[in-house]
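# Architecture and fold: a report
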Amino acid sequence: MKKLLIFALVCGLGALGYWYFRERQLPAYGPGYREYAYITNGKSNSVTVIDLSDPIRAFTAIKSIPVGAEPTGIAANGKKNEVYVVNTVSDNVSVIDAEHNAVVAAIGVHATPYFIDVSQDGKRGYVANSGSNNVSVIDLDRRAVLSNVRVGIAPGLARVSPDGNTVVVSNRGDGTVSLLDAPHMRVRNTVTVCPQPEDIAILPDNSKAFIACAGSGQVASVDLRNDKLLALLDVGKTPVNLGLKPDGGELMVANFDSDNISIIETTNNEVGGSYLIGTQPARGIVTSDNSRLYVSNFGSNSVAVYDIDLGKVIATLPVGSHPDALALSRSENYLLVLNSQSGDVTVIQKRKPTRLEPTEYSLLTMISAGVQPNNVVVKSFILAKPAAK
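My aim in this report is to walk through the structure given alongside it, one point at a time. Keep in mind that this is a model prediction, so the values were computed, not measured.

### Here's the deal with the state of the cysteines
Applying the stated rule across the entire model yields one disulfide. The disulfide bridge from Cys194 ends at Cys213, spanning 2.0 Å between sulfur atoms. Here the S-S torsion is close to 70°, and the disulfide linking Cys194 with Cys213 is therefore right-handed. Separated by 19 residues along the polypeptide, Cys194 in the loop between strand 15 (186-192) and strand 16 (197-202) and Cys213 in strand 17 (residues 208-213) bring together distant segments of the chain. Overall, the relative accessible area of 0% leaves Cys213 in the buried class.

### Overview of the packing of aromatic side chains
Considering all chains together, one arrives at seven aromatic pairs under this definition. For the ring pair Tyr114 and Phe115, a centre distance of 6.4 Å and an interplane angle of 40° mean the geometry is tilted. With a relative accessible area of 27%, Tyr114 lands in the partly exposed category. On the basis of relative accessibility, which here comes to 33%, the residue Phe115 falls in the partly exposed class. Each ring, one from Phe256 and one from Phe298, has its centre 5.9 Å from the other, and the planes form 50°; the classification is tilted. Residue Phe256 is found in the loop between strand 21 (250-255) and strand 22 (260-265), and its partner Phe298 is found in the loop between strand 25 (292-297) and strand 26 (302-307); the two are separated by 42 residues along the sequence.

### Quick word on the pairing of strand 9 (residues 124-129)
Extensive coverage of strand 9 is indicated by the burial of five of its six residues. The pairing of strand 8 (residues 113-118) with strand 9 spans four bridges and is antiparallel. Looking at strand 9, one finds that Pro113 is bridged to Asn129. Between strand 8 and strand 9, which follow one another and run antiparallel, lie five residues, and Gly122 among them has a positive phi close to 75°. Pairing of strand 9 with strand 10 (residues 134-139) involves six bridges; the strand directions are antiparallel. Opposite Tyr126, over in strand 10, you have Val137 as the bridge partner.

Rules behind the numbers
The residue numbers shown here count from 1 along each chain, following its written sequence. Since the coordinates come from a predicted model, pLDDT governs what is reported: local features require at least 70, and pairs of side-chain atoms require 80 or more to be given and counted, while whole-chain, interface and lining totals use all residues. Side-chain numbers come from the whole structure's heavy atoms, not from hydrogens or water. Two cysteine sulfur atoms form a disulfide, by the criterion used here, when they sit within 2.5 Å. Only runs of H or I of at least four residues qualify as helices and only runs of E of at least two qualify as strands under DSSP, and these elements are numbered from the N terminus. Any residue under 20% of the maximum accessible area for its type is buried, any over 50% is exposed, and the rest in between are partly exposed; the area is computed with a 1.4 Å probe on protein chains only. To pair, rings of Phe, Tyr and Trp, with the six-membered ring standing in for Trp, must have centres within 6.5 Å; the planes then decide the type, stacked if under 30 degrees apart, edge-to-face if over 60, and tilted in the middle. In this analysis, strands are considered paired if DSSP registers two or more bridges between them.

As structure tokens, this is what we get:
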């Protein structure tokens, strides 16, 4: 009788194991498909590469790429298989060939850069140099700086509009935004907004920019067609991150020091409401179908899942220590959470609830990264010539 019970238990565990691993099967995109997550490690001067597509080694760190000193910003080129890493202390941008996961060039910029934004046509990159009060405009085909455009004091971020015609620069030191005429590489206007402007979101139709001002608990709405301030919207304390719905209709504001998010109606420039989300929300990301918002709660070591249609938090998931940057896989079935203090990445799986497992989200794995991971980008592509087996 005891042997029969043990046999039944083993069979039951085996069935559960089959069910669990069946749930994590990856989409089949073909033999030439590659999908990687690139993670900047600010205090180990490296980029960790995580494979998200290989059926055997998926969700493992496959390489650590040395880059410049204190990498902070990272972006992928949508038109070519390259990833760009901004190195704050060495004042340069490392270019990573995504097909070989190796640095192939380093582009020097000016003092203390933090982030890079890439135009949708993949031809230009824009880097705000906080220490030299200018923006480096990079020709990504030639891997060369075309111009260094003077802007306001201590620019933190340069964001290019979807049509590539305008670059919005948040100048933290003087409470302004510089609006650059991108084709002519010059400042066309400067708009005074609010204290310590930082994160920027631009609507898909290129009509408006929203700028989070950490120093005043406000978000500025700026008309990009007439280059003027439309409204200053009161949100929570220390708004640090803006998550725009892909349809552009609503903007999610993470208020770090009030433990909540504010939702802005972008058409009429009104705050629709504020909702408790967790301790010290740091970053947010919205799914492509506009239905879910994921928020990393830096102070409570968790990720909140906010259902936008229902208007409430539907799950709070424990992760590592001091979660910060977030990224979704191409299928959006996997959420990557960078834990800045514990130096690792939590992978959360989204799946269809069943009677056996009614929860929609679960912890899939934890992956070791470098020291103080701070930013992440996912790059997917098809190899021009699939690798031989």
